[in-house]
Amino acid sequence: MVAVGTALWLAVVASSDAVGVVVGLGLVGAALTGAAVSVSVLLGPALAALAGAYVALLVIDDPPLDTRAAGVAMALVVVGELVGWARELAGATRDEPGNAWRRPAWIAGVGMGALGLAWAVLAVADLARVQGLAIEAVGAVAALAALLVVRRGTARPGA
Amino acid sequence: MTRAADARLGAYAVFAAAALVAALALRRTELAAIAAPFALLVALGVRARPPRLRAWFELDRERALEGDVLDATVTVRTDQAVDRVEVGLALPDGLELAEGRNPVALRLANGEERELPLRLRCVRWSSVEIGEVWLRARDHIGLVRFEGRIDRRRPLKIYPTAERLRSLVSPAHTQATTGSEVARLRGEGLEFADTRPFVPGDRVRTINWRATARRGALVVNERHPERNADVVVFLDSFAEARTSDEGTLEQAVRTAATVSRRYLERRDRVGLVAFGGILRWLEPGGGLVQQYRLVDALLETGVEFSYAWKDVDVIPARTLPPRALVVAVTPLLDERSIGALLDLCGRGHDLVVLEISPEPFLEPGSDRSDLAALRLWRLQRAELRARFERLGAAVATLDDDVTMEEALEGVRAYRRHARLVQR
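Since the model is a prediction, treat every value here as computed from it, not as a measurement.

**As for the sheet that holds strand β20 (residues 394-398) of chain B**
All names here are of chain B.
Alright, step 1. In space, the six strands of this open sheet follow the order β17-β16-β15-β18-β19-β20, with mixed pairing throughout. A strand with exactly one partner marks an edge of an open sheet, and here the two such strands are β17 (280-285) and β20. Across the sheet, the mean angle from the axis of one strand to that of its neighbour is 20°, orientation sign disregarded.
Alright, step 2. As paired elements, strand β16 (residues 269-276) and β17 share four bridges and run antiparallel to each other. Its bridge partner lying in β17, A274 is registered against R280.

**Comments concerning the nonpolar core**
Alright, step 1. Residues V233 and V327 of chain B are the most contacted members of the largest nonpolar core, which totals 80 residues.
Alright, step 2. If one sorts the elements of this core by residue count, helix α4 (residues 248-265) of chain B sits on top with seven residues.
Alright, step 3. Structurally, this core is a two-domain feature, drawing no fewer than three residues from each of domain 2 (53-159) and domain 4 (227-422) of chain B.
Alright, step 4. Once you skip the residues sitting within four places of it in the chain, V233 of chain B turns out to touch A256, V259, S260, V270, L272, V327 and V329 of chain B.
Alright, step 5. Ranked by size, the runner-up nonpolar core spans 72 residues in total, among them V2, A70 and V72 of chain A together with A11 of chain B.

**Some points on the interface of chain B and chain A**
Alright, step 1. Listed per partner, the contact involves 46 residues of chain B and 46 residues of chain A.
Alright, step 2. The set of elements that each furnish at least two residues to the side of chain B that touches chain A consists of α1 (7-26), α2 (29-45) and β7 (104-108) of chain B.
Alright, step 3. If you tally residues by element for the side of chain B that touches chain A, the top one is α1 of chain B, at 19 residues.
Alright, step 4. For the side of chain B that touches chain A, the class distribution of residues is 34 nonpolar, four polar and eight charged.
Alright, step 5. The sheet contact formed by strand β1 (residues 94-95) of chain A and β7 of chain B spans two bridges and is parallel. Residue pairing for β7 of chain B: D95 of chain A is matched across the bridge by A105 of chain B.

**Let's talk about the sheet that holds strand β2 (residues 53-59) of chain B**
Residue and element names in this part refer to chain B.
Alright, step 1. Judged by pairing direction, the sheet is antiparallel, and its four strands sit side by side in the order β2-β4-β8-β6 without closing on themselves. Edge positions in the sheet fall to β2 and β6 (95-99), since each of these pairs with one other strand and no more. Within this sheet the neighbouring strands show an average axis-to-axis angle of 35°, counted without direction.
Alright, step 2. Pairing geometry for β2 and strand β4 (residues 69-78), over seven bridges, is antiparallel. Residue pairing across strands places R54 opposite R77, the latter belonging to β4.

**Side note on the environment of V72 of chain A**
Alright, step 1. You can see V72 of chain A is positioned in helix α4 (residues 68-90).
Alright, step 2. Take V72 of chain A: there are 27 C-beta atoms within 10 Å of it, and that puts it in the buried class.
Alright, step 3. Distance in space between the C-alpha atoms of V72 of chain A and Y54 of chain A is 7.8 Å, their sequence separation being 18 residues.
Alright, step 4. Residues contacting V72 of chain A, with those up to four places away along its chain left out, are Y54 of chain A together with I34 of chain B.

**A few points about the pairing of β16 of chain B**
Residues and elements named next belong to chain B.
Alright, step 1. Counting buried positions over the eight residues of β16 gives eight, a clear majority of the element.
Alright, step 2. Residues R269, G271, V273 and F275 of β16 are buried on one face, and the alternating residues V270, L272, A274 and G276, pointing to the opposite face, are buried as well.
Alright, step 3. Following the chain from strand β15 (residues 230-237) across α4 to the adjacent parallel β16, one finds a crossover that is right-handed.
Alright, step 4. With antiparallel pairing between neighbouring strands as the criterion, β16 and β17 make up a hairpin whose turn holds three residues.

**Overview of the packing of α4 of chain A against α2 of chain B**
Alright, step 1. The N-to-C vectors of α4 of chain A and α2 of chain B enclose an angle of 30°; their axes lie 9 Å apart at closest approach. As the angle between them shows, α4 of chain A and α2 of chain B are arranged roughly parallel. Where α4 of chain A crosses over α2 of chain B, the two elements pack in a sense that is right-handed. Between α4 of chain A, through A69, A70, V72, A73, L76 and V77 of chain A, and α2 of chain B, the contact on the second element is made entirely by E30, A33, I34, P37 and F38 of chain B.

Definitions and cut-offs
- Residues numbered from 1 in each chain as written.
- Chains lettered and ligands numbered in written order.
- Predicted model: local features only at pLDDT ≥ 70, side-chain atom pairs only at ≥ 80, totals over all residues.
- Pairing = 2+ DSSP bridges.
- Helix = DSSP H or I, 4+ residues; strand = E, 2+ residues; numbered from the N terminus.
- Axes fitted to C-alpha atoms, helices over the stretch in contact; angles between N-to-C directions.
- Core = buried A, V, L, I, M, F, W, Y, C linked by C-beta atoms within 7 Å.
- Buried ≥ 20, exposed ≤ 12 C-beta atoms within 10 Å, placed from the backbone.
- Domains from an automatic or database assignment.
- Contact = placed C-beta atoms within 7 Å.
- Nonpolar A, V, L, I, M, F, W, Y, C, P; charged D, E, K, R; others polar.
- Right-handed = clockwise from strand over helix to strand, strands pointing away.
- Parallel < 35°, antiparallel > 145°, perpendicular 65-115°, else oblique.
- Left-handed = near helix turned anticlockwise from the far one by under 90°.

Honestly, that's just the spatial picture; any functional story needs more than this.
Here it is as C-alpha cells:
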C-alpha cells in the first residue's frame, strides 16, 4: 500500500511529460515490492524501481532543488522495513503478548528519522548550492562513505 | 552463534550506493538525500554484536505412552539486553505441541532469565532425542541476526499403546515349565482330561470314586497340566504402505507390542524377530524386564531399504525354538518376508499371520485400468492368504474396520477347525 501510494503521489506531482514513465516505474516498483515479501532478493529492485520513478521525474521536470525527496526517502525506508516485517510475520514465530506493537512503532520512528535526515541533507545541499564546489565535496564524501559502508557490510566478522 | 545478514542489508547497501552514484552522475542532491537514510541504517546495522545467550531444556519424564502429554520447559538467559530473540524447540517426529508457544519471539532485558513452559503430546510411538533449542537474535535494526543451536538433548521413549485383548491364540505346543496355558498332554493339573484304570503308583486323591462305584474297579482322573509356551513375534519391516501421517509399520508395531505384552502376562516366554533390511532379534524370555526389552527393540524398528535377499536361515536358531508359536505381523507386501513365512510353515512351525492391511493407505486411480489393477492385486492377496491357510497357518486381516480381538477370534476359529480336520 505504501509503495502504491508513493507511486501514485509521484504520478500526481509529475508533469504531463513525465507522468507516463513515473506511473510505469512506480507500478513496477509496487509489484516488485509485493513480490519481495515472498522473494526477498526482489527488495533491492523494488526500491530501485520506486526510486527510478522519482529519478525520471527529476530528469524530465528538472526542478531546482526538490524537497519532496525527503518524503520519497521516508516512503522508501518505510517500504523496506514493512517488507522485512511482513516476512517476519509470514514465519512461524510469534511475538510474546504485549510486544506486537514494537515493530510498527519502530518502523514509524525509522520513517520519521529518514525524513529528518533527508531534510538535513537537502538543507546542507541548499546551503552548499550557492557556494559552488561544496556540492561536489558533499557528493564525493557521501560516495566514499557509501563504499566504506558496503565494504564493512560484506566483510567477514573478525576479519 | 553464527552471523547472518538479513535480505534488507544487501538491498539497502546496494540501493544506497546506486543512489549516491546516480546523484553524482545526474548531479542531483535529492538522490543523495534519498540514499542517506539507507546508508545510515546499514552503517548502524552492521555494528551489531552477538549477544551472550544460554538455554536449558527440561522434560518431566523419559518414558511415555502414545497420547500422553509431557511438561517441558525451555529456559533462556542473557547477559545483555536483546531486542528480539526467537526461541524454538525442535520437535522430533512423534511429538506435537499441545500447549504453549513454539517458536516464540522474546524481548530480554539485561541479565534476564525467562522460562517458556510447553506441553507436548506424544502422537506416535518412537525412540527420540528431544532438547535441541535454536536461537535467533537481532538488535533493533535487524539487518544482522545471530543464530545458534544449543544441544540439550535427552532420550525420550514413547511406547505404543496396547490394545485391549481378552483372549489370545493358544499355541499348539506347550513347554515344560509352569504357565497359564492348558497343555494337551496329561499330568498334574487342574483341568479334567479323562479317566483310566488305576495302576500301582497312582495317588489315592486322583481316584474317581463315582466312576469306581459304577465300574466296580478303581478308576482315576487324568488332568491337563498348566504350562507356558514359547511365542516368537515375527515383525516384517521390509516394506510398508503409508500416507504422510500413518503407515502399516506403526500399526504393526502397536499390534506386536499388544500381543507380546499379553503373552508375557500369561507367563509365556516371548521373543522377537524384526525381519527387514536390518535383522533384529531377541531370544524368548519372560517377565517385566523382557517386556521392556521387547518394547525397546520394537521402538528401534524402522523400514530400512535393502536389495539383499534374506530368508529364515539368517535368523539365529535359538531365536526360533522348536514348538514355538510364531505370530507374524506383516503387511504381506515384500516377497522376502512372504517367502520366509512360507518357509517357516514348511519347517513345521506353528504359524499365525496377522496381516496389517495396506488397503487403507492406498489411493486407487479412477480409470478402468487402475480399477482392474486393483482388483487383480486384491485377487493376488486373497490367493496368498489361501496359500497360507492350505499350509495350516491362519491369516487374520487387521484394518480400520476389524479390531485385533475380532481378528484373533477368526484365527482361533480357524485353528479349532484345522485341528478337527487333522484328526
